[in-house]
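Spelled out, the chains give:
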Amino acid sequence: MHDAQDTRPTSSNPYMSDWLSSMQTTAHDSALLPPHHGDCLGCGPANQHGHHLRARRHGDGVVAAHVFDGRHVGAPGIAHGGAVATVLDDLFGFALYVVGELAVTRKLEVEYLAPVLLQTEYTLHAEMLSRNGRKLRLRARVEDQNGQVVATADALFIVVGPAHFTSRAPVIQARR
Ligand SMILES: CCCCCCCCCC(=O)SCCNC(=O)CCNC(=O)[C@H](O)C(C)(C)COP(=O)(O)OP(=O)(O)OC[C@H]1O[C@@H](n2cnc3c(N)ncnc32)[C@H](O)[C@@H]1OP(=O)(O)O
């Protein structure tokens with residue numbers, strides 16, 4: 001049974017109130033969106049192994065400038081495909097602030113159109129394409145400095161309630 005309608009108190013997840021308030025405060029373009037939490041692999045500033053992704057609202061979606069570094073290498077000089085997928089998944093997480101829903105990734109499909117190079121700045125965009133009940137369809141792209149699209153991602157996110165996160169909160173609370 002899903003928990004999208006669960007309205008139990010959110011206090012057992014220390015990040016829940018931040019997420020919910022972020023959804024209320026993204027009315028203006030270019031505002032830097034808050035990380036999902038300090039240790040988040042995609043965007044957490046305290047995660048030494050993370051990507052430190054920083055995203056802003058852009059119209060109905062989000063945009064980020066991002067550089068992969070030596071920690072994310074796959075083939076020499078090229079970002080690992082899993083690292084690219086991680087960043088795209090997290091970018092979708094930022095798009096949720098704009099969508100205004102708590103949701104999680106059910107399906108993520110990445111197309112690698114050209115190598116994503118290390119130490120090279122890329123521009124990432126993500127937005128929601130459609131919604132059908134709890135199902136959110138999102139799309140993202142990675143562009144190089146010439147505007148060439150080097151990767152795309154299509155995702156299915158499923159809207160969940162606060163309990164999806166609070167029932168597993170002790171793990172992240174312990175690391176805060
Ligand atoms: C602002 C918050 C930020 C949070 C941080 C974001 C970080 C970045 C994103 C992530 O990393 S999220 C973490 C990785 N994802 C997970 O851990 C999710 C693990 N999966 C689950 O917990 C459950 O599968 C999930 C809650 C997503 C869904 O389980 P449910 O039992 O609630 O839903 P169900 O299986 O019934 O599927 C819901 C609907 O989707 C449909 N569906 C499922 N898979 C599908 C599929 N592959 N294609 C099409 N439709 C699909 C399904 O048929 C159904 O349609 P209906 O609502 O019309 O009945």
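None of the values given here were measured: they were computed from a predicted structure.

### Examining the overall build of the chain
Helix and strand counts for the chain stand at four helices and six strands. The helix and strand sequence of the chain, counted from the amino end, reads α-β-β-α-β-β-β-β-α-α. Here the chain holds 176 residues, and the buried ones make up 43% of them. Once local pairs closer than 6 in sequence are excluded, the contacts in the chain between residues at least 24 apart make up 64%. Of the accessible surface of the chain, which amounts to about 9,300 Å², a share of 51% is contributed by carbon and sulfur atoms.

### Details of the packing of aromatic side chains
Tallied over the full model, the rule gives three aromatic pairs. An angle of 65° between the planes, with centres 6.0 Å apart, marks the rings of F94 and Y97 as edge-to-face. Placement of both F94 and Y97 in helix 2 (residues 81-99) is noted, with a separation of three residues, approximately one turn of the helix. With respect to class, F94 is no different from Y97; both count as buried.

### What about the UniProt feature "domain: Thioesterase" (unreviewed entry) in the chain?
UniProt annotation of "domain: Thioesterase" (unreviewed entry) refers to residues 77-151 when read in the numbering used here. Taken as a whole, residues 77-151 contains 25% helix and 45% strand, while its terminal C-alpha atoms sit 16 Å from one another.

### Some remarks on unusual backbone geometry
Across the chain, the bulk of peptide bonds are trans and the bulk of non-glycine residues have phi less than zero. Of note, the phi angle at H52 is positive, near 55°, even though the residue is not glycine. Phi angles above zero are rare outside glycine, and Q119 is one such case at about 55°. Along the chain, the position of Q119 falls in the loop between strand 3 (103-112) and strand 4 (121-132).

### Here we look at the confidence of the model for the chain
Confidence in the prediction for the chain averages 89 pLDDT; 85% of positions are at 70 or higher. Both scores are given for the predicted complex: the pTM is 0.91, the ipTM 0.97.

### Focus on the pattern of salt bridges
Counted by the stated rule, this structure contains four salt bridges. As a salt-bridge pair, E101 and R131 come within 2.5 Å of each other at their nearest N and O atoms. Of the two residues, E101 sits in the loop between helix 2 and strand 3 while R131 sits in strand 4, which places them 30 residues apart along the sequence. Judged by relative accessible area, E101 falls into the partly exposed class, the value being 22%. Its relative accessible area of 42% is what places R131 among the partly exposed residues. Of the charged contacts, one joins R141 and E143 as a salt bridge, the two residues approaching to 2.7 Å between their closest N and O atoms. When its relative accessible area of 32% is taken as the criterion, R141 is described as partly exposed. Among the residues examined, E143 registers a relative accessible area of 17% and is labelled buried.

The rules behind each value
- Starting afresh in each chain, residues are numbered from 1 along the sequence in its written order.
- It should be noted that, the model being predicted, local features are given only for residues of pLDDT at least 70 and side-chain atom pairs only at 80 or more, the latter also being counted only at that level, while totals for whole chains, interfaces and linings use all residues.
- Think of the side-chain values as coming from all heavy atoms in the structure, minus any hydrogens and water.
- The helix and strand labels rest on DSSP assignments: H or I over at least four residues marks a helix, E over at least two residues marks a strand, and numbering proceeds from the N terminus.
- Accessible area is worked out with a 1.4 Å probe on protein chains only. A residue is then buried under 20% of its type maximum, exposed over 50%, and partly exposed in between.
- We call two residues contacting when some pair of their heavy atoms lies within 4.5 Å.
- Each accessible area is a Shrake-Rupley result for a 1.4 Å probe, and residues are judged covered by the shown protein chains and nothing else.
- A pair of Phe, Tyr and Trp rings is counted when the ring centres sit within 6.5 Å of each other, with Trp represented by its six-membered ring. The angle between the planes then sorts it: under 30 degrees is stacked, over 60 is edge-to-face, the rest tilted.
- UniProt positions are given in the numbering used here, feature names are shortened, and annotations may be inferred rather than shown by experiment.
- As a per-residue quantity, pLDDT reports the predictor's confidence and falls between 0 and 100.
- We define a salt bridge as a side-chain nitrogen of Lys or Arg found within 4 Å of a carboxyl oxygen belonging to Asp or Glu.

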